2 protein chains.
Amino acid sequence: MDKSGRKYFTFAEPPGQIILENGSLLGPVTIAYETYGQLAADKSNVILIEHAFSGDSHVACHAEDEDEASRPGWWDNMVGPEKGIDTNIYFVVCANILGGCMGTTGPTSLNPATGKPYGLDFPVVTIADMVHVQKKLLDFLGIKQVLSVIGGSVGGMQVLQWCVSYPEMVRSAVPLATTMRHSALAIAFNEVARQAIMADPHWNGGDYYGKAMPEMGLAVARMIAHITYLSDESMRRKFGRNLQDKSDFSFNFDVDFQVESYLRYQGSKFVRRFDANSFLYITKAADYFDLEASDGTSINTLNDSQTRFLVVSFTSDWLYPTYQSKELVKALKKNGLDVSFCEIEADCGHDAFLLPNCRLDSLIAGFLKGVAEND
Amino acid sequence: MDKSGRKYFTFAEPPGQIILENGSLLGPVTIAYETYGQLAADKSNVILIEHAFSGDSHVACHAEDEDEASRPGWWDNMVGPEKGIDTNIYFVVCANILGGCMGTTGPTSLNPATGKPYGLDFPVVTIADMVHVQKKLLDFLGIKQVLSVIGGSVGGMQVLQWCVSYPEMVRSAVPLATTMRHSALAIAFNEVARQAIMADPHWNGGDYYGKAMPEMGLAVARMIAHITYLSDESMRRKFGRNLQDKSDFSFNFDVDFQVESYLRYQGSKFVRRFDANSFLYITKAADYFDLEASDGTSINTLNDSQTRFLVVSFTSDWLYPTYQSKELVKALKKNGLDVSFCEIEADCGHDAFLLPNCRLDSLIAGFLKGVAEND
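These figures come from a predicted structure and were not determined experimentally. (Residues numbered from 1 in each chain as written. Chains lettered and ligands numbered in written order. Predicted model: local features only at pLDDT ≥ 70, side-chain atom pairs only at ≥ 80, totals over all residues. Heavy atoms only, no water.)

Enquirer: Sorry, what's going on with the layout of surface pockets here?
Expert: Taking a probe equal in size to a water molecule and rolling it over the atoms shows the remaining empty space. Residue and element names in this part refer to chain B. Approximately 1100 Å³ is the volume found for the largest pocket. Within the residue set of the lining of the largest pocket, elements represented by two or more residues are α3 (184-199), α4 (215-229), α5 (232-238), α6 (258-271) and α7 (276-288). For the lining of the largest pocket, the leading source of residues is α4, giving five residues. Looking at the lining of the largest pocket residue by residue, the class counts come to 25 nonpolar, 13 polar and nine charged. Shared between two domains, the lining of the largest pocket holds at least three residues of each, these being domain 1 (7-182 + 291-373) and domain 2 (187-283). By volume, the second largest pocket is sized at about 920 Å³. (1 Å grid on protein atoms, 1.4 Å probe; cavity = no way out; pocket = protein on both sides within 12 Å on 5 of 7 lines; lining within 4 Å. Points joined across faces, edges and corners; volume = space filled by probe spheres on them. Helix = DSSP H or I, 4+ residues; strand = E, 2+ residues; numbered from the N terminus. Nonpolar A, V, L, I, M, F, W, Y, C, P; charged D, E, K, R; others polar. Domains from an automatic or database assignment.)

Enquirer: Just checking my understanding: could you explain the sheet that holds strand β5 (residues 46-50) of chain B for this structure?
Expert: Backbone hydrogen bonds hold the strands of a sheet together, and the pairing may be parallel or antiparallel. Residue and element names in this part refer to chain B. Read across the open sheet, the eight strands follow the order β1-β4-β8-β5-β11-β12-β13-β14; overall the sheet is mixed. Looking at the sheet topology across the chains shown, the edges are occupied by β1 (7-11) and β14 (338-344). Strand-to-strand twist of the sheet, defined as the mean angle between neighbouring strand axes without regard to direction, takes the value 20°. Note: β5 against strand β8 (residues 91-95), four bridges, orientation parallel. Within the sheet, the bridge partner assigned to V46 lies in β8 and is F91. Each of β5, β11 (148-152), β12 (172-176) and β13 (308-314) touches helix α2 (residues 154-165); the most contacted strand, β11, lies at about 150° to it. (Pairing = 2+ DSSP bridges. Axes fitted to C-alpha atoms, helices over the stretch in contact; angles between N-to-C directions. Contact = heavy atoms within 4.5 Å.)

Enquirer: Any chance you could explain the interface of chain B and chain A here in plain terms?
Expert: How big an interface is tends to be stated in terms of the accessible area lost upon association of its parts. In this complex, chain B contributes 53 residues to the contact, which on the side of chain A involves 53 residues. Counting the surface lost from both chain B and chain A, the interface buries some 4700 Å², and carbon and sulfur atoms represent 73% of this. Applying the counting rule to chain B against chain A returns 10 salt bridges. Of the charged contacts in the structure, one is a salt bridge between R241 of chain B and D290 of chain A, with a shortest N-O distance of 3.3 Å. Taken together, the connections running from chain B to chain A amount to 28 residue pairs in polar contact (both at pLDDT 80 or more). If you list the elements that add at least two residues to the side of chain B that touches chain A, you get α3, α4, α5, α6 and α7 of chain B. For the side of chain B that touches chain A, the per-class residue count stands at 32 nonpolar, eight polar and 13 charged. (Buried area = accessible area lost by both parts, 1.4 Å probe. Salt bridge = Lys/Arg side-chain N within 4 Å of Asp/Glu carboxyl O. Polar contact = N/O pair within 3.5 Å; in protein donor to acceptor, adjacent residues only side chain to side chain.)

Enquirer: What is the right way to look at the nonpolar core in this model?
Expert: Grouped together as the largest cluster of nonpolar side chains are 202 residues, with contacts concentrated most on F279 and F309 of chain A together with F279 and F309 of chain B. Counting residues per element, this core draws most heavily on α3 of chain B, which supplies 12 residues. Filtering out sequence-adjacent residues up to four positions away, F279 of chain A remains in contact with F53, A193, I197, L218, A221, R222, A225, F270 and F274 of chain A. Core analysis: the next-biggest nonpolar cluster, separate from the first, contains 33 residues, I49, M78, C94 and L147 of chain A among them. (Core = buried A, V, L, I, M, F, W, Y, C linked by side-chain atoms within 4.5 Å. Buried < 20%, exposed > 50% of the residue type's maximum accessible area, 1.4 Å probe, protein only.)

Enquirer: Mind showing me how you'd approach the pattern of salt bridges here?
Expert: It is possible for side chains bearing opposite charge to pair when their charged atoms get close. Inspection of every chain in the model, using the stated rule, returns 32 salt bridges over all chains. Of the charged contacts in the structure, one is a salt bridge between D290 of chain B and R181 of chain B, with a shortest N-O distance of 3.0 Å. Residue D290 of chain B is located in the loop between α7 and β13, and its partner R181 of chain B is located in the loop between β12 and α3; the two are separated by 109 residues in the primary sequence. Classification of R181 of chain B by relative accessible area gives partly exposed; the value is 29%. Salt bridges here are not isolated pairs; linked through shared partners, they connect E191, R194, K284 and D287 of chain A together with D256, E260 and R264 of chain B.

See the structure below:
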């Protein structure tokens, strides 16, 4: 365990590699993960949380980290003692995703074949590959079934993939603000963000480790993505046309409006903590994800599953709008599954699933209680 | 007149310059413009068309240019003999905007002080400045009043600015798919696009003429902007998740989906015809535009105006959504003006105003007829 509470598990199956969805081999694979709460003797209280695009395993602060220096978790409002996902009751596991840059193997990791970071030699991984390595982690922890797998956005895709890949391991699933497949609009935004990274000469075909980083391109990519997480309403409320530190326009190309300053700040903050190649790999995995595809990974393979679902969308989410959650609900019901659906009124866009929301807290808490009691 | 039908008017008032809204001086100013149809003896049939962001004076083909090689106009479906804006009846004038790169003075023009292109020495101009130089053109043409001023998007902002700056010259106005002021969301997209240009090392502080051009940055900027002109629905219909020339994913960062190929094509096509600095100047002018500001340019100065308005919005336009047109209508009505408003059902997003649409044709034709007959 490192100081942040992060633990590591490395597996290297014979011959030391796993087979990825695209047929290539990868290994050894290290998984960075964190746990919260106590595992019940019968291991019946496990909740697997899937982080979204730029998240990591640090879903919340740890009980033992009560000093001021402890790093906030990305879902502190939801996960903790007596919260929506109550760590007095449940044993929470959250792992950083394959292809990411927060401890789990990804393009920044050393390629054993060369002794250098993978860069673009890292294989293009899929959401199914991400779930595949998480399965290895649960095997390592001796967990045969989870009470629930919960996550939003790209995390919600992993939730759905768990239900398809290992239905017998998933008693219930809570996909939040997510989709069965990216729309052309979502692919378009991801592609433009990737182009912004690849347009930066420092990107250098993905080979920039130890050299100047493609910071400008990554910042632009983040700004594009960040806009899609907000909403017209929330931006109007938060920024409107307010000027930054000025009573009049600059009449040059510096920051005039607060929203410009905010976006530049988001861009520059992101480049200090995230890897440009990981941005490429994770967005590609999200674009490829398709539970309506006609191959064996379709949602229609779920017709024998006992998994219970709570599907949640948010009114102002225009990245994965409610109609996409409704399509998911329809597909699940068509397969005879037990599905609850809730569209939550929220004006803060796609990010709504991450923000404090009493309704979401009680919805998830109630759903989990129902699943636990329905043993 | 050059081969495209474009004419030029250059003015240099004593002392050879005009005063811009920011207080700086600019001159001489050349205006590239085109005309269609015949000016009536009493000059009562003038329609001034305002082009949008990346348009130019070539609103339509000219009657005399019927060979196949003639360049299409950006509004051929609307402007021509027996079309919505009937050039058998009306005399149409369209000028390229100040700060643009299609013949009117802008950052690519030679700075008389240095003999080199202005680059970032070009002053930051506003929508009011654009309209100011168009007024000089109408003066030059001896036109004291126009039957109508018509335009969409940034062109619609110029339409509204005409009504505020020179109300006595405007008998009627047709602002299409536009707004009185950019929302934080619209500013955000413009800012990220500007950042993409300025992140390109070839941009070089705007000093790139005669050197390598910031093509990558400009292409990314165009892709960002282009997404905002479309809609979720139209992209789903046009591209969905269709793959480009392939039966399966590439598992690399080449083009997989048709929508990616389309965007890359739009980006690369744009850099061949547009100037990166003009992108910065025009988006800044659009961001600054604010008819609800508390200074003298407010929409509330219109209370004595006789201008008649036809305001049109489109259901799937999320860049300037219908609620913004309704705010405009409300402000105009509050000032006692004669306003018609129509929201047209269209699933193709902001670009709807440019696309063939019988309803828009007949709406504009009928409105113009009413204004002309109501002499």
